Amino acid sequence: MGALPLDHFSVSQMGTLSRCPQQWAFRYIEDLKRPPSGAMIRGKALDEQQNVQVQKRIDGNPMDTKAQATEQAVTYAESECSDKEIIGPDSTDKVVDQVARITPVAYDYVWESVKDPVSVQEEVRLSIPDGDGEMFDLLGYLDLRTKDSVRDLKTSGRKWNSGREFKEPQAQVYGLLNILREDVASVEFVYDIFVPKTKEVLYDPRFLTVTMDSAQPVLQRLRWWNRNLHQRIITLGNGWDEIAFPPVREGWHCSHKWCGYAKLCEARHPELGPVDD
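Residues numbered from 1 in each chain as written. Predicted model: local features only at pLDDT ≥ 70, side-chain atom pairs only at ≥ 80, totals over all residues. Heavy atoms only, no water.

K.L.:
Describe helix α3 (residues 38–58), listing the residues and the values that go with them.
P.N.:
Across its 21 residues, α3 extends 30 Å between first and last C-alpha, which sits within 8% of the 30 Å expected from 1.5 Å per residue. Buried within α3 are the following residues: Gly38, Ile41, Arg42, Gly43, Ala45, Leu46, Asp47, Gln49, Gln50, Asn51, Gln53 and Val54. Looking at the packing, one finds that the buried side of α3 touches α4 (66–83), α5 (92–111), β1 (117–129), β2 (135–146), β3 (149–155) and β4 (186–196). (Helix = DSSP H or I, 4+ residues; strand = E, 2+ residues; numbered from the N terminus. Expected span 1.5 Å × (residues − 1). Buried < 20%, exposed > 50% of the residue type's maximum accessible area, 1.4 Å probe, protein only. Contact = heavy atoms within 4.5 Å.)

Rendered as structure tokens:
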């Protein structure tokens, strides 16, 4: 069993904990890695290639050709799919095909054209007041930071609804981290969203300006979930008590298709019956 994760909190932890406390405990207390979904492998292949190509620009070196970048991304996706069990509806062939089609579009619209790149996959960790006189460390990784913006690469099975970018907590939190670190009034945040349609790949960037005021609602949610997490851990005492992290057997996430912990959850909680297929 891994150490209790009291050293930092993050947007992804908040999402997992609010969705299913048992899933959070499997991942962050017991340190059990779940199988990736096809969407996760697709995103990781593109993230890795973005890191390689943009870092070359930052270092003053020429990028690989578009064909070379695509081949490298596809090779990465094929390797990840062959080495791991995949959950979710996407087959290996579909994942690899989407990576092959998205990579040249991302190359043209972002990696080659973005102005003044500064860093890729930059870790940002700051201590934030928790509202009760204590501090907690907030951790984030910035996919791509430029002189004037923070950017995050996303792939999606469908086009985002209008205004969704303003509801996603990631932009507000990562923007806030950059505001506090750089001591600026606001940050432009860009979601670089790629949607692989049947005949084409849609590039659908979303732009928003993050300020201290705009980030406050999400920061309050983080503070609440951080306190909630500590209260749950306190109830554990010196031993493991699953009551503190119960499973949530409802919602899209609770199925063998989407949850890599489904079989383990069934074994831990036989009284709840089987998880949906």
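K.L.:
Can you break down the pairing of β1 residue by residue, with the values?
P.N.:
The pairing of β1 with β2 spans 11 bridges and is classified as antiparallel. Looking at the pairing, glutamate 122 lines up with leucine 142 of β2. In this structure, the hairpin formed by β1 and β2 is closed by a connection of five residues, where glycine 131 is found at a positive phi of approximately 90°. (Pairing = 2+ DSSP bridges.)

K.L.:
For the state of the cysteines, give the residues involved together with the corresponding values.
P.N.:
Inspection of every chain in the model, using the stated rule, returns zero disulfides. The structure places no disulfide on cysteine 254, whose sulfur is separated from the nearest cysteine sulfur, that of cysteine 265, by 6.2 Å. Owing to a relative accessible area of 13%, cysteine 254 belongs among the buried residues under this scheme. Lacking any disulfide linkage, cysteine 259 is separated from the closest cysteine sulfur, that of cysteine 254, by 6.6 Å. (Disulfide = S-S within 2.5 Å.)

K.L.:
So what about the pairing of strand β6 (residues 206–211)? Which residues, and what values?
P.N.:
Burial along β6 is one-sided: Arg206, Leu208 and Val210 are buried, and none of Phe207, Thr209 and Thr211, which face the opposite way, are. As judged from the six bridges shared by β4 and β6, these two strands associate in the antiparallel manner. Each bridged residue has a counterpart across the sheet, and for phenylalanine 189 the counterpart in β6 is leucine 208.

K.L.:
Give me empty space enclosed by the protein: which residues, what numbers.
P.N.:
One pass over the structure, following the stated rule, counts one cavity of 30 Å³ or more. Here the largest cavity is characterised by a volume of approximately 90 Å³. Around the largest cavity, the lining is made up of 14 residues, and of these Cys20, Pro247, Cys254, Cys259 and Cys265 lie nearest the centre. Contributions of two or more residues to the lining of the largest cavity are made by α2 (21–28) and α8 (262–268). (1 Å grid on protein atoms, 1.4 Å probe; cavity = no way out; pocket = protein on both sides within 12 Å on 5 of 7 lines; lining within 4 Å. Points joined across faces, edges and corners; volume = space filled by probe spheres on them.)

On their own, these measurements won't tell you what the molecule is for.
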